[in-house]
Number of protein chains: 2
Amino acid sequence: MRFHSPAIQYFHAVRRTGSIRAAARVLNVASSAVSRQILKLEQEVGSPLFERNARGLTLTTVGEMLARHVMNVLQDLDRFRSDVASLSGAWHGTVSIACIESLTESVLPDLIASHRGRARRVSFTTEVKGSSDVLEALSRGEADIGIAIALKHPPDLRQVALKRFRLGALVAREHPLARRKTVTLAQCLAFPVIHALPELSIYHLLQPLIAQLSETPEPAIQANSIDLMRELAARGVGVAFQTQLGINRLSRDAQLVFLPLDNAGSPVWSDLGIYVRAERTLPAYTESFLQELVRELGERERRENAAYPFTA
Amino acid sequence: MRFHSPAIQYFHAVRRTGSIRAAARVLNVASSAVSRQILKLEQEVGSPLFERNARGLTLTTVGEMLARHVMNVLQDLDRFRSDVASLSGAWHGTVSIACIESLTESVLPDLIASHRGRARRVSFTTEVKGSSDVLEALSRGEADIGIAIALKHPPDLRQVALKRFRLGALVAREHPLARRKTVTLAQCLAFPVIHALPELSIYHLLQPLIAQLSETPEPAIQANSIDLMRELAARGVGVAFQTQLGINRLSRDAQLVFLPLDNAGSPVWSDLGIYVRAERTLPAYTESFLQELVRELGERERRENAAYPFTA
DNA sequence: ACATGTTGATGCCGTTTCGGCAACGGCTAT
DNA sequence: ATAGCCGTTGCCGAAACGGCATCAACATGT
């Protein structure tokens, strides 16, 4: 089922690999063939698509425009293929997800497992990245669904849903704060704190608030792994911060205590966005999973905000 | 700039013309070439795309799926082309509009004229149809922008905006009703009425209400042309019904009087929708006109509802 | 019933396009 | 300087494409 001009596919491969010869290797064709197709494309468009650097190729402005078109074409071709396949009852394909770390602990594995239980022929590819990298991967067509902290998203992405979760402090059961119902940031800062590094979005959520308090905090630990921070907190090393999403209630509830965070009398929210390339119609199996994802995250949002209501 | 496989273009032409030989004529190629490309496509998809009738070809289910994909590809190619062109300062292209008759009297000509004043290189194609035909033409990719009475629209269309206009009675200056500020349907039915035929959407708006009143109306005239109905009303033949959109205030206000219609104490609304194919990104010049259209219709909605406020 | 016109499909053949191989010049890093 | 990678180009065989003439199937008009 390859009814698109080879030029399209070659261009796509060159864009991804950043090199004609590398693209040729991926495509199992001679590099000369790829080179010629690119030259032909440039001639037809009437403008160079790549800048030839010594080390490879970089897209020009026109090249980026074509890349957008080619991505639309190839992604829609995927959808068409899946539509035809689902017509004959075969529901199979691969859902590609890019998301931030908070999801890996329970949300995503639960969802994927349950979805695979129902649709065994649907496979998954998941890649954990920072929030901005998630959006970038989505823009580049390297993922179908993206889950990230809701920043300003580029116009070529569509925010399917926006769920807000309450940020909280994570302490060990024996920690002095563990008996409280809620904590303030100031209370936490009186103890050793496990800070997120700037690569994590929690850093950008909390840093402004911490700066406001302008207290000299206890000597703290910094980390860039949600998982590591959680484990450190469980061992009583200090106070970590995250949403409850990252905590598996089954196993770790015994060791860890989650305390919703208050700051200046109001909760600290972490907004989670679900994103999709805007200029695209998803294959049926992807759309189906996406809806389950939105529903599940909505459910968790509801449950957690019910468990820790904000009393004004 | 033809970097898509000929099969795509041939398929598209065959779908539109409904015949291989007709498509070949349009494409300036031999019919055998078209026939072969279609056969090749069917072999690659693994399923027939057309049903061969004696009189031509009809799409199968799979064919319709491919048609959707091909339409997405070709429309996005258009957008890419216009993006590249606008990069070198040249803003040109054709905006294709399908709309119902009410717009032709002043809204559309005003807008097009003013737009052409600013962007001389943008041309327009407009086709007047019934509401459901407008949506159908849009679905088939025969128009870029559709304006129609807001019915239930198919999922492959996106409702860009929804504006409601008050339905009113149109009578000549000398008509006994002409001095009133508003009229009720019952009052109108006491006089000769110019009815819309079922092909016009006004029919479907008013018929249920008229049926409720269940009075035997005066012998009436029926017509399927908004324009004709308006002219008849101007000549005192009877009462016509339409939104004020269809009345050019400059020339005809002298002859015609517009009386907002009340029924059972509430206004009768005519909902106008602006539609676009959902799976599509519009070229810049089309998007620009679309936004002007939405703004202008919103402006008219505001003005008219201010001129004839509903007093509950 | 017959002739006529139209439909899509097919065999044949010249032309165009495509892809593989080898070689070239430009560049970088060692 | 050497080695390694890069993209491009000339040459040539293979594959794809398009045009022409022809065929069978069907609809239409007489």
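Residues numbered from 1 in each chain as written. Chains lettered and ligands numbered in written order. Predicted model: local features only at pLDDT ≥ 70, side-chain atom pairs only at ≥ 80, totals over all residues.

J.: Help me understand the overall build of chain A in this model?
T.: Within chain A, the regular secondary structure consists of ten helices and 13 strands. Overall size of chain A, expressed as C-alpha extent along the three principal axes, is 70 × 50 × 30 Å. The burial tally for chain A puts 38% of its 312 residues in the buried class. When contacts within chain A are restricted to residue pairs at least 6 apart in sequence, those whose partners lie at least 24 apart make up 72%. (Helix = DSSP H or I, 4+ residues; strand = E, 2+ residues; numbered from the N terminus. Buried ≥ 20, exposed ≤ 12 C-beta atoms within 10 Å, placed from the backbone. Contact = placed C-beta atoms within 7 Å.)

J.: Where do I start with the protein's contact with DNA strand C in this structure?
T.: In the vicinity of DNA strand C lie 21 residues, with Val29, Ala30 and Ser32 of chain A together with Ile20 and Ser32 of chain B positioned nearest. At the level of elements, helix H3 (31–45) of chain A together with helix H2 (20–27), helix H3 (31–45) and strand S2 (56–59) of chain B are the ones that each hand at least two residues to the surface near DNA strand C. Here the surface near DNA strand C takes six residues from H3 of chain B, the largest share from any one element. Looking at side-chain class alone, the surface near DNA strand C contains ten nonpolar, seven polar and four charged residues. (Near = placed C-beta within 6 Å. Nonpolar A, V, L, I, M, F, W, Y, C, P; charged D, E, K, R; others polar.)

J.: Just to check I follow, could you spell out the interface of chain B and chain A for this structure?
T.: Each partner contributes to the interface: chain B provides 25 residues, whereas chain A provides 25 residues. Counting only elements with at least two residues in the side of chain B that touches chain A, the list comes to helix H1 (6–17), H3 and helix H4 (61–87) of chain B. The leading source of residues in the side of chain B that touches chain A is H4 of chain B, at 13 residues. Its residues assigned to classes, the side of chain B that touches chain A comprises 14 nonpolar, six polar and five charged.

J.: How should the nonpolar core be read in this particular structure?
T.: Grouped together as the largest cluster of nonpolar side chains are 44 residues, with contacts concentrated most on Phe11 and Ile38 of chain A together with Phe11 and Ile38 of chain B. Every element with two or more residues in this core is listed here: helix H1 (6–17), helix H2 (20–27), H3 and helix H4 (61–87) of chain A together with H1, H2, H3 and H4 of chain B. When sequence neighbours within four positions are dropped, the list of residues in contact with isoleucine 38 of chain B reads Tyr10, Phe11, Val14, Ile20, Leu49 and Phe50 of chain B. (Core = buried A, V, L, I, M, F, W, Y, C linked by C-beta atoms within 7 Å.)

J.: I keep staring at the environment of leucine 49 of chain B and nothing clicks. Help me out?
T.: Residue and element names in this part refer to chain B. Mapping leucine 49 onto the fold places it in the loop between H3 and strand S1 (50–53). Distance in space between the C-alpha atoms of leucine 49 and alanine 67 is 9.2 Å, their sequence separation being 18 residues. With residues up to four places along the chain from it excluded, the contact list for leucine 49 reads Ile38, Leu41, Glu42, Leu59, Thr60, Val62, Gly63 and Leu66.

J.: Explanation requested: the relation of the copies chain B and chain A in the structure shown.
T.: For these two chain copies, the linking operation is a rotation about an axis paired with a shift along it. Once chain B has been moved 0.1 Å along the axis and rotated by 180°, it coincides with chain A to within an RMSD of 0.1 Å. As the rotation angle and translation indicate, the two copies are arranged about a two-fold axis. The position closest to the rotation axis in chain B is occupied by the C-alpha of serine 5 of chain B, lying 2.3 Å away. When you check the interface residues of chain B against chain A, 100% turn up at the interface there too, and the contact is symmetric in its surfaces. (Least-squares fit on C-alpha atoms with pLDDT ≥ 70 in both.)

J.: Explain the packing of H1 of chain A against H4 of chain A to me, please; I cannot follow it from the model alone.
T.: Residues and elements named next belong to chain A. One can describe the packing of H1 onto H4 by two numbers: an axis separation of 10 Å at closest approach and a directional angle of 115°. For the pair H1 and H4, the sense of crossing is left-handed. Across from Ile8, Phe11, His12 and Arg15 in H1, the residues of H4 making contact are Leu66, Ala67, Val70, Val73 and Leu74. Here the contact of H1 with H4 is built from residues that sort into seven nonpolar, one polar and one charged. (Axes fitted to C-alpha atoms, helices over the stretch in contact; angles between N-to-C directions. Left-handed = near helix turned anticlockwise from the far one by under 90°.)

J.: Even after reading the chapter, I still don't get the protein's contact with DNA strand D, so can you show me in this structure?
T.: Lining the immediate environment of DNA strand D, one finds 22 residues, of which Ile20 and Ser32 of chain A together with Val29, Ser32 and Ala54 of chain B sit closest. For the surface near DNA strand D, the secondary-structure elements that each account for two or more residues are H2, H3 and strand S2 (56–59) of chain A together with H3 of chain B. Per element, the largest residue contribution to the surface near DNA strand D is six residues, and it comes from H3 of chain A. For the surface near DNA strand D, the residue count by class is ten nonpolar, seven polar and five charged.

J.: Can you help me understand the environment of leucine 290 of chain A in this one?
T.: Residues and elements named next belong to chain A. Structurally, the position occupied by leucine 290 is in helix H10 (residues 284–307). Sequence separation of leucine 290 and arginine 55 is 235 residues, and the distance between their C-alpha atoms is 39 Å. Contacts of leucine 290, omitting those with residues within four sequence positions, involve Ile145, Val160 and Leu282.

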